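# Examination of the molecular architecture
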Amino acid sequence: MKLNLTMQRKAVLEVLQHAHDHPTAADVMDRLRAQGNVFAYGTVYNSLRYLTEVGLVKELKLGEAASRYDAKMEDHHHVVCTRCGRVDEVTIELPAEWLGKAAQETNYELHHASVVLEGVCSSCSVQNSPSK
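This text gives an overview of the structure that appears in the document. The structure presented is a predicted model; accordingly, all values stated were derived computationally and were not measured.

For the structure shown, the criterion picks out 4 salt bridges. Across the pair Asp21 and Arg31 runs a salt bridge, and its minimum N-O distance is 2.6 Å. Of this pair, Asp21 sits in the loop between α1 (7-18) and α2 (25-34) while Arg31 sits in helix α2, placing them 10 residues apart in sequence. Its relative accessible area of 32% is what places Asp21 among the partly exposed residues. Two residues, Arg86 and Asp88, come together in a salt bridge whose shortest N-O distance is 2.6 Å.

In C-alpha coordinates:
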(Lines give C-alpha, C1' and ligand atoms only; values in the text may rest on other atoms or scores of the structure.)
Protein backbone atom coordinates (compact mmCIF):
# COMPACT_ATOMS: atom_id res chain seq x y z
CA MET A 1 0.00 0.00 0.00
CA LYS A 2 1.40 3.36 -1.03
CA LEU A 3 1.09 6.02 1.62
CA ASN A 4 -0.62 9.25 0.71
CA LEU A 5 0.92 11.66 3.22
CA THR A 6 -0.41 15.09 2.39
CA MET A 7 1.12 18.17 4.00
CA GLN A 8 -1.71 18.16 6.56
CA ARG A 9 -1.25 14.47 7.42
CA LYS A 10 2.50 14.96 7.80
CA ALA A 11 1.92 17.91 10.15
CA VAL A 12 -0.52 15.86 12.29
CA LEU A 13 1.89 12.90 12.35
CA GLU A 14 4.78 15.13 13.42
CA VAL A 15 2.74 16.53 16.30
CA LEU A 16 2.03 12.98 17.48
CA GLN A 17 5.63 11.82 17.01
CA HIS A 18 6.89 14.69 19.18
CA ALA A 19 4.17 14.37 21.84
CA HIS A 20 5.22 13.08 25.23
CA ASP A 21 1.60 12.64 26.22
CA HIS A 22 -1.27 11.09 24.33
CA PRO A 23 -3.14 14.04 22.82
CA THR A 24 -6.78 14.20 21.84
CA ALA A 25 -7.78 15.56 18.44
CA ALA A 26 -8.44 18.93 20.10
CA ASP A 27 -4.93 18.86 21.61
CA VAL A 28 -3.47 18.11 18.18
CA MET A 29 -5.45 21.02 16.74
CA ASP A 30 -4.14 23.39 19.45
CA ARG A 31 -0.53 22.29 18.83
CA LEU A 32 -0.90 22.73 15.08
CA ARG A 33 -2.23 26.25 15.64
CA ALA A 34 0.67 27.03 17.99
CA GLN A 35 3.00 26.05 15.13
CA GLY A 36 1.19 28.42 12.77
CA ASN A 37 -0.80 25.72 10.94
CA VAL A 38 -4.46 26.49 10.53
CA PHE A 39 -6.36 23.36 9.51
CA ALA A 40 -10.09 22.74 9.72
CA TYR A 41 -11.25 20.33 12.44
CA GLY A 42 -12.46 17.97 9.71
CA THR A 43 -8.99 17.88 8.19
CA VAL A 44 -7.40 16.99 11.53
CA TYR A 45 -10.00 14.28 12.28
CA ASN A 46 -9.69 12.83 8.77
CA SER A 47 -5.89 12.88 9.04
CA LEU A 48 -6.04 11.06 12.39
CA ARG A 49 -8.40 8.47 10.94
CA TYR A 50 -6.15 7.94 7.90
CA LEU A 51 -2.97 7.69 10.00
CA THR A 52 -4.72 5.14 12.23
CA GLU A 53 -5.99 3.09 9.27
CA VAL A 54 -2.53 2.86 7.68
CA GLY A 55 -0.94 1.89 11.01
CA LEU A 56 1.20 4.97 11.65
CA VAL A 57 -0.62 5.86 14.88
CA LYS A 58 -2.87 4.11 17.38
CA GLU A 59 -6.21 5.41 18.55
CA LEU A 60 -6.58 4.92 22.29
CA LYS A 61 -10.03 4.60 23.78
CA LEU A 62 -9.34 4.78 27.48
CA GLY A 63 -12.82 5.17 28.89
CA GLU A 64 -12.92 8.89 28.21
CA ALA A 65 -15.29 10.68 25.87
CA ALA A 66 -12.47 11.69 23.50
CA SER A 67 -10.02 9.29 21.88
CA ARG A 68 -6.32 9.88 22.38
CA TYR A 69 -3.60 9.20 19.84
CA ASP A 70 -0.19 7.56 20.12
CA ALA A 71 2.57 7.43 17.50
CA LYS A 72 4.59 4.91 19.49
CA MET A 73 3.81 1.70 17.66
CA GLU A 74 5.91 -0.74 19.71
CA ASP A 75 3.89 -2.88 22.11
CA HIS A 76 3.27 -1.08 25.37
CA HIS A 77 0.50 -0.45 27.87
CA HIS A 78 -0.97 2.63 29.54
CA VAL A 79 -1.73 3.96 32.98
CA VAL A 80 -4.43 6.62 33.41
CA CYS A 81 -4.78 9.01 36.34
CA THR A 82 -8.36 8.79 37.59
CA ARG A 83 -8.22 12.39 38.85
CA CYS A 84 -6.67 14.47 36.07
CA GLY A 85 -6.81 12.08 33.08
CA ARG A 86 -3.04 12.06 32.50
CA VAL A 87 -1.92 9.06 30.41
CA ASP A 88 1.55 7.51 30.67
CA GLU A 89 3.17 4.53 29.01
CA VAL A 90 4.06 1.27 30.72
CA THR A 91 6.68 -0.74 28.85
CA ILE A 92 6.84 -3.91 30.93
CA GLU A 93 6.03 -7.13 29.11
CA LEU A 94 3.00 -9.09 30.20
CA PRO A 95 3.86 -12.52 31.59
CA ALA A 96 3.34 -15.26 28.99
CA GLU A 97 1.52 -17.42 31.54
CA TRP A 98 -1.01 -14.62 32.07
CA LEU A 99 -1.85 -14.58 28.36
CA GLY A 100 -1.99 -18.38 28.30
CA LYS A 101 -4.41 -18.47 31.23
CA ALA A 102 -6.56 -15.75 29.65
CA ALA A 103 -6.71 -17.69 26.38
CA GLN A 104 -7.59 -20.89 28.22
CA GLU A 105 -10.29 -19.24 30.35
CA THR A 106 -11.95 -17.51 27.40
CA ASN A 107 -11.25 -20.15 24.72
CA TYR A 108 -9.84 -17.38 22.50
CA GLU A 109 -6.76 -17.52 20.32
CA LEU A 110 -5.08 -14.35 21.56
CA HIS A 111 -2.99 -12.26 19.16
CA HIS A 112 -2.39 -9.09 21.12
CA ALA A 113 -2.88 -7.72 24.61
CA SER A 114 -3.18 -4.12 25.70
CA VAL A 115 -3.59 -3.31 29.36
CA VAL A 116 -4.86 -0.04 30.82
CA LEU A 117 -4.03 0.50 34.47
CA GLU A 118 -5.76 3.15 36.57
CA GLY A 119 -4.46 5.05 39.55
CA VAL A 120 -3.53 8.49 40.85
CA CYS A 121 -0.46 10.20 39.36
CA SER A 122 2.25 11.71 41.53
CA SER A 123 1.13 15.29 40.77
CA CYS A 124 -2.41 14.62 41.96
CA SER A 125 -1.11 12.70 45.01
CA VAL A 126 1.04 15.69 46.02
CA GLN A 127 -1.84 18.15 45.53
CA ASN A 128 -4.11 16.15 47.81
CA SER A 129 -1.62 15.25 50.52
CA PRO A 130 -1.92 17.09 53.85
CA SER A 131 0.62 19.88 54.33
CA LYS A 132 3.15 19.62 57.10
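When two helices pack together, their arrangement is captured by the angle between the axes and the distance separating the axes. Interhelical geometry of α1 versus α2 gives an angle of 105 degrees and a closest axis separation of 10 Å. The angle between α1 and α2 places the two elements in the roughly perpendicular class. Together, Ala11, Val12, Val15 and Leu16 of α1 and Val28, Arg31 and Leu32 of α2 make up the contact between the two elements.

Turning next to the pairing of strand β4 (residues 87-90). Where strand β3 (residues 77-81) meets β4, 4 bridges bridge the pair, whose relative direction is antiparallel. Along β4, the bridge assignment pairs His77 with Val90. Here β3 folds back onto β4, and the loop between the two strands holds 5 residues, one of which, Gly85, carries a positive phi near 85 degrees.

A separate point is the environment of Glu59. Within the fold, Glu59 resides in strand β1 (residues 58-60). Residues Glu59 and Tyr69, spaced 10 residues apart in sequence, show a C-alpha to C-alpha distance of 4.8 Å. For Glu59, the contacting residues outside a window of four places in its chain are Thr52, Ser67, Arg68 and Tyr69. Of note is the side chain of Glu59, whose polar atom sits 2.6 Å from the side chain of Ser67.

So, about the layout of surface pockets. Estimated volume of the largest pocket: approximately 170 Å³. Lining the largest pocket are Asp75, His76, His77, Thr91, Ile92, Glu93, Leu94, Leu99, His111, His112 and Ala113. Of the residues that constitute the lining of the largest pocket, the class distribution is 4 nonpolar, 5 polar and 2 charged.

To continue, consider unusual backbone geometry. Here Asn107, not a glycine, exhibits a phi torsion of approximately 60 degrees, which is positive. Considering the arrangement of structural elements, one finds Asn107 in the loop between α4 (96-106) and β5 (116-119).

Conventions and cut-offs
Residues numbered from 1 in each chain as written. Predicted model: local features only at pLDDT ≥ 70, side-chain atom pairs only at ≥ 80, totals over all residues. Heavy atoms only, no water. Salt bridge = Lys/Arg side-chain N within 4 Å of Asp/Glu carboxyl O. Helix = DSSP H or I, 4+ residues; strand = E, 2+ residues; numbered from the N terminus. Buried < 20%, exposed > 50% of the residue type's maximum accessible area, 1.4 Å probe, protein only. Axes fitted to C-alpha atoms, helices over the stretch in contact; angles between N-to-C directions. Parallel < 35°, antiparallel > 145°, perpendicular 65-115°, else oblique. Contact = heavy atoms within 4.5 Å. Pairing = 2+ DSSP bridges. Polar contact = N/O pair within 3.5 Å; in protein donor to acceptor, adjacent residues only side chain to side chain. 1 Å grid on protein atoms, 1.4 Å probe; cavity = no way out; pocket = protein on both sides within 12 Å on 5 of 7 lines; lining within 4 Å. Points joined across faces, edges and corners; volume = space filled by probe spheres on them. Nonpolar A, V, L, I, M, F, W, Y, C, P; charged D, E, K, R; others polar.

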